[in-house]
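Descriptive analysis of the structure
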Amino acid sequence: MRLSVEVEHRLGEFALQAAFDAPSGVTALFGRSGSGKTTLVNVIGGLLRPGRGRVVVDGVVLLDTDDGTEIPCHRRRIGYVFQEARLFPHLTVRQNLLFGRFFAPRRERGPDLPGVVDLLGIGHLLARRPAGLSGGERQRVAIGRALLSKPRLLLMDEPLASLDAARKAEILPYLERLRDEAAVPIVYVSHAMAEVARLADTLVLLEAGRVIAAGPASDLVSRLDVARAEGDEASAVLEAEVIGHDAELGVTVLSSRAGELRIPSLNLPAGARSRVRIYARDVLLAVDPPGRISAMNVLPGTVSTIEELPDGSMMLQLDCGDARLLSRITRGSLRALGLRPGSPAYAVVKAAALADRLPAI
Amino acid sequence: MTDWLRPEEWTALRLSLLVSTTATAASLVPGLAVAYLLARGRFWGKALVDTLVHLPLILPPVVTGYLLLVWFGRRGPIGTFLADSFGIVLSFHWTGAALACAVMGFPLLVRAIRLSIEAVDIRLEQAAGTLGANRAWVFGLVTLPLILPGIIAGMILSFAKSMGEFGATITFVSNIPGETQTLPSAIYTFTQVPGGEAGAMRLTVVSVAVSMAALAASEFLARRVSRRLAA
């Protein structure tokens, strides 16, 4: 699958001028509210005709304003999961799920009802009506409904935004299963870095209607402009693999591209893969290898960039191995250490700060 | 059972039910179309269409009846055309009474349906579109079921209006027993003759009963539909 999008659209003061390409897997459109994310997916889904634009999925031109091609929304076969579930209130869950099935081409391959019901854990809801479901259940049904229409691409516009933290935690594992088990490529809109770090393979960063960065998620999450866009939540995400446990010390050891990481004990077998998120605010910097210190992770690296944040603190990017880490320190600390791009430095992270690691992928 | 109403009174009741049912049934599809157009359409002259639809509500019924007579009467332009081309005669005929009732009830029907269409969440229709339904399917599978309570309410209003319609009917098709003499016309006739009070009262009771039955039926249907939407 390859998705290619080019859009120019004006809406009053707001001008959207964005273009990106996405390979298969999960592509996250990330940015603040008002950065043009929803406008962009509405153009892809055919709910909005842009001033100028071109949308190509797998070589099929869905929209090209230059030569007048425009496949209407209902013939695009693009599934759309909205922020609010938008289930049909007069139909049961089963009827909602099968709605798109009715219109999908018979010979096209796609998931079947039992498979989707099982994937999303909604078997006990089939006879109910949407009014009787919780927010999380509704959203799962909405995802199933979109999947069963055999889409060539699935758009998800902040599917978790209207849910509280507990409901988000309830749905995220299903989204991960969806990414890993259903063969449908996904464009995932979000302004929550936690979701993006957990789900995305490719990241497209939007700001004020423009793409300011695009690329593989694991690289981009730690890039400085990305960090700036999300302020205090700035972090690096490392792909890691469990290599062992030390029950006596109460730690699990993982290998990552930045070196070995020790984190509080995890109930995962050796060889399991996991993502570890390291917040910039949790990373101390040292010029010399620290001696006796409680922190269990000391990763040698080289300072690559230094930027001042709007609040006056400094964001340093550190190349450790072939991974990037972020560290946020005060201007005073920076001066005291005398760091500049190219300086060697040690990133120091408490194991406890990594307790908020991301579940297995 | 049939004793307590005289034969001509039964005739008036049957005629009233026939005229009202015909008027309501015949105006349903055009009413739905006009309501959809007014709720969703954006076109030049929309205000004019809106005004025309509502006119029978504001004009004196006698004026509406007279205009119908002028246009649909034997010598009227539309009446002549219908008679010559299809052999349909409306004036002084029960079908003319049905037309008068349909016209008088039309604004009520359109208004109820239009309000319910405006209350439909367009985002649900969008969602249906992304699932592969074209506009006709979206209307049939999403919009129509959601506006069913409004349609029922509109039909009941139109039916009730037809049962009580007097001014336009009597002006357009007169008051011919067995042909155009509906319940209100029959009651009016009773009040014009000495000793007619008993007959007028009997038909009044019948009128009240029919109206209440219609109202109860609409309540029942509306509740069933809304229970389906809520549960």
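Residues numbered from 1 in each chain as written. Chains lettered and ligands numbered in written order. Predicted model: local features only at pLDDT ≥ 70, side-chain atom pairs only at ≥ 80, totals over all residues. Heavy atoms only, no water.

We now examine the overall build of chain B. Across its full length, chain B carries 10 helices and 0 strands. Its helices and strands taken in sequence order, chain B reads α-α-α-α-α-α-α-α-α-α from the N to the C terminus. Counting only C-alpha atoms and orienting by the principal axes, one finds that chain B spans roughly 70 × 45 × 30 Å. Residues counted as buried form 43% of the 231 residues belonging to chain B. The long-range share in chain B, meaning contacts at least 24 apart out of those at least 6 apart in sequence, stands at 72%. Total accessible area on chain B is roughly 12,000 Å²; 70% of this is exposed by carbon and sulfur atoms. Across chain B, the centroid of the 17 positively charged side chains sits 9 Å from that of the 12 negatively charged ones. (Helix = DSSP H or I, 4+ residues; strand = E, 2+ residues; numbered from the N terminus. Buried < 20%, exposed > 50% of the residue type's maximum accessible area, 1.4 Å probe, protein only. Contact = heavy atoms within 4.5 Å. Areas by Shrake-Rupley, 256 points an atom, 1.4 Å probe, with all protein chains shown as cover. Lys, Arg positive; Asp, Glu negative; His and termini not counted. Charge placed at Lys NZ, Arg CZ, Asp CG, Glu CD.)

A few words now on the interface of chain B and chain A. On the side of chain A, 21 residues touch chain B, which itself brings 20 residues to the contact. Counting across the chain B and chain A interface gives 1 salt bridge. Between A:E84 and B:R123 there is a salt bridge; the shortest N-O distance is 3.5 Å. For the interface between chain B and chain A, the tally reads 4 residue pairs in polar contact (both at pLDDT 80 or more). Listed by contribution, the elements that provide at least two residues to the side of chain B that touches chain A are α6 (122–130), α7 (135–164) and α10 (197–230) of chain B. When residues of the side of chain B that touches chain A are assigned to their parent elements, the largest contribution, 7 residues, is made by α6(B). Of the residues in the side of chain B that touches chain A, the class split is 13 nonpolar, 5 polar and 2 charged. (Salt bridge = Lys/Arg side-chain N within 4 Å of Asp/Glu carboxyl O. Polar contact = N/O pair within 3.5 Å; in protein donor to acceptor, adjacent residues only side chain to side chain. Nonpolar A, V, L, I, M, F, W, Y, C, P; charged D, E, K, R; others polar.)

The next point concerns the packing of aromatic side chains. Taken as a whole, this structure holds 9 aromatic pairs over all chains when the rule is applied. With a centroid separation of 4.6 Å and 40 degrees between ring planes, the pair formed by A:F88 and A:F99 is classed as tilted. A residue pair is termed long-range when its members are at least 10 positions apart, and A:F88 in the loop between β7 (78–81) and α2 (93–103) and A:F99 in helix α2 qualify at 11 residues. Residue A:F99 is classed as buried on the basis of its relative accessible area, which comes to 6%. When the centroid spacing of 5.4 Å and the interplanar angle of 90 degrees are considered together, the rings of B:Y36 and B:F139 count as edge-to-face. One end of the pair, B:Y36, is in helix α1 (residues 7–40); the other, B:F139, is in helix α7, with 103 residues separating them in the sequence. (Phe/Tyr/Trp six-rings, centres within 6.5 Å; stacked < 30°, edge-to-face > 60°.)

A few words on the pattern of salt bridges. Residues and elements named next belong to chain A. Scanning the model with the defined rule gives 18 salt bridges over all chains in all. Here R52 ties to D66 by a salt bridge, and the two come within 3.0 Å at their closest N and O atoms. Separated by 14 residues along the polypeptide, R52 in strand β4 (residues 52–57) and D66 in the loop between β5 (60–64) and β6 (69–70) bring together distant segments of the chain. If you follow the salt bridges from partner to partner, you end up with E6, E8, R52 and D66 in one network.

Residue and element names in this part refer to chain A. Core analysis: the biggest nonpolar cluster contains 34 residues, and L97, L154, M156, L175 and L178 have the highest contact counts within it. Sorting the residues of this core by element identifies α2, α3 (113–120), α4 (135–148), β8 (153–157), α5 (165–181) and β9 (186–190) as the ones contributing at least two each. Looking at this core, the element that brings in the most residues is α4, giving 6 residues. (Core = buried A, V, L, I, M, F, W, Y, C linked by side-chain atoms within 4.5 Å.)

Next up on the list: a nonpolar patch on the surface. Among the surface-exposed residues, B:V63, B:Y66, B:L67, B:V70, B:W71 and B:I78 lie close enough to one another that they form a single nonpolar patch of about 510 Å² accessible area. On the basis of relative accessibility, which here comes to 49%, the residue B:Y66 falls in the partly exposed class. (Patch = residues over 30% accessible without salt bridge, like charges linked within 9 Å, V, L, I, M, F, W, Y side chains within 5 Å.)

Residue and element names in this part refer to chain B. UniProt records the feature "transmembrane region" (unreviewed entry) at residues 12–39, 51–72, 92–115, 136–160 and 200–222, using the numbering of this structure. For residues 12–39, helix accounts for 100% and strand for 0%, while the C-alpha atoms at its two ends are 38 Å apart. Secondary structure across residues 136–160 comprises 100% helix and 0% strand; the distance between its end C-alpha atoms is 31 Å. (UniProt positions renumbered as here; feature names shortened; annotations may be inferred.)

All names here are of chain A. Strand order in the open sheet made by the 5 strands is β16-β20-β17-β18-β19, with antiparallel pairing throughout. Each edge of the open sheet carries a strand with a single partner, namely β16 (284–286) and β19 (323–329). Across this sheet, the average inter-strand angle for adjacent strands is 45 degrees, counted without regard to direction. Relative to β19, strand β18 (residues 314–320) is paired through 7 bridges, and the arrangement is antiparallel. Of the residues in β19, the one forming a bridge with Q317 is L326. (Pairing = 2+ DSSP bridges. Axes fitted to C-alpha atoms, helices over the stretch in contact; angles between N-to-C directions.)

Residue and element names in this part refer to chain B. Axis separation between α1 and helix α2 (residues 46–58) bottoms out at 10 Å; the angle between their running directions is 140 degrees. As summarised for this structure, α1 and α2 are arranged oblique, according to the angle between their axes. The interaxial crossing formed by α1 with α2 has left-handed handedness. Taking contact as the criterion, the partners of V34, L37 and L38 in α1 are, on α2, K46, V49, D50 and V53. In the contact of α1 with α2, the residues fall into 5 nonpolar, no polar and 2 charged. (Parallel < 35°, antiparallel > 145°, perpendicular 65-115°, else oblique. Left-handed = near helix turned anticlockwise from the far one by under 90°.)

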